[in-house]
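Here is what each chain is made of, one letter per residue.
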Amino acid sequence: MRVHQSVENYNHKELLSVLTIGTFDGVHIGHQKIIERLNQIKNKKSERSMILTFYPHPRMVLDHSNDIKMLTTMEEKSYLLEKFGLDDLIIEPFTKEFSRLSALDFVRNILVNQLNIKKLVIGYDHHFGKNREGNFEQLSEYGDLYDFKVEEISAQEIESVSVSSTKIRKALENGEMEKANKYLGYNYLLTGTIITGQGIGRKINFPTVNLDIAEEYKLIPKRGVYVVRSNFNNTSSYGIMNIGYRPTVGGKGQTIEIHLLDFEDDLYGSTMQIEVLMRLRDEKKFESIEDLAIQIAKDEASARNWLMKLK
């Protein structure tokens, strides 16, 4: 998959595009259905499946909100879109100026002149352009004018999937990993850099690595202990992860700590991708470090038993 950091940076106008537009947060099973449709209808030799997405999220710009939490960082979104077979991803910087483009200017200047659109696939209630004035009927008229086809995915098709980014966010906030992962069609991802911690885990024979996620808008699941699979340096390892404030040792800020099973290498400074598989329990304050160590041993045993059932 080719990634382009703006429409202006896309320089393959000799190729025709089969395009959809949206934020695609989470790249969940509904989004995957659209990507599948793009790949179905494109001419394999002369056309490429393409998504035009935006960063920052339009609500962050228009609503001046820093409280919006997203299911995927842009890095994770790119990884997933490539995994599901997309040819091109264009990440258009979203600004107030861009939001003021009329529907006609958006179609003519962006879709036609820049992206050489041949086919456009949209959801049944898609709106675009200044004040969301553009709709399916207008797109069809512009398609006749500029020689591209427009396909609308019906309400029935979308509703048959019965999933939305909002539903997934709620499931994650409640710690319902089975539900969230079912809606996503893959295991929820956390991606960050391994940083040094206080070393308390090593002192009690359960060494941990701390995951630092730079993107503050990334949604972190409900506090608690989880079974995870970590991916780093082309290696995978299972583990248990604690999301929380470490009340037993007087922690002050939320951390993400992972104890990797049967793994000892130094990972500091590495980028790690975590797949969150299932939730074991709530975070709890223990009377002593010794009691915490006993509970972690129980958590590890529970994780190993659960993982054995997967094999």
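Reading the values: the criteria
- Residues numbered from 1 in each chain as written.
- Predicted model: local features only at pLDDT ≥ 70, side-chain atom pairs only at ≥ 80, totals over all residues.
- Heavy atoms only, no water.
- Buried < 20%, exposed > 50% of the residue type's maximum accessible area, 1.4 Å probe, protein only.
- Helix = DSSP H or I, 4+ residues; strand = E, 2+ residues; numbered from the N terminus.
- Arc of directions from axis to C-beta.
- Contact = heavy atoms within 4.5 Å.
- Salt bridge = Lys/Arg side-chain N within 4 Å of Asp/Glu carboxyl O.
- pLDDT = per-residue confidence, 0-100.

(A) Representation of helix 8 (residues 165-173) in the model. Listed in full, the buried residues belonging to helix 8 are Ser 165, Ile 168, Arg 169, Ala 171 and Leu 172. Burial along helix 8 is one-sided: seen end-on, the buried residues are contained in an arc of 165 degrees. Projecting away from the buried face of helix 8 at angles above 90 degrees are the exposed residues Thr 166 and Lys 170. The elements touched by buried residues of helix 8 are helix 1 (29-41), helix 9 (177-184) and strand 7 (188-195). Taken from the residues just after helix 8, Gly 175 is the one with a positive phi, measuring 75 degrees.

(B) Up close: the pattern of salt bridges. Following the criterion strictly, the structure yields 17 salt bridges and no others. Notably, a salt bridge pairs Arg 2 with Asp 88, separated by 3.0 Å at the nearest N-O pair. Of this pair, Arg 2 sits in strand 1 (residues 2-4) while Asp 88 sits in strand 4 (residues 88-93), and the two are 86 residues apart along the sequence. For Arg 2, a relative accessible area of 25% gives the class partly exposed. Residues participating in the shared-partner salt-bridge network are Arg 2, Arg 48 and Asp 88.

(C) How the structure looks around the confidence of the model for the chain. Confidence in the prediction of the chain, expressed as mean pLDDT, is 88, and 91% of residues score 70 or more. No element of the chain has a lower mean pLDDT than helix 7 (residues 155-161), at 55, and none a higher one than strand 12 (residues 271-281), at 97.

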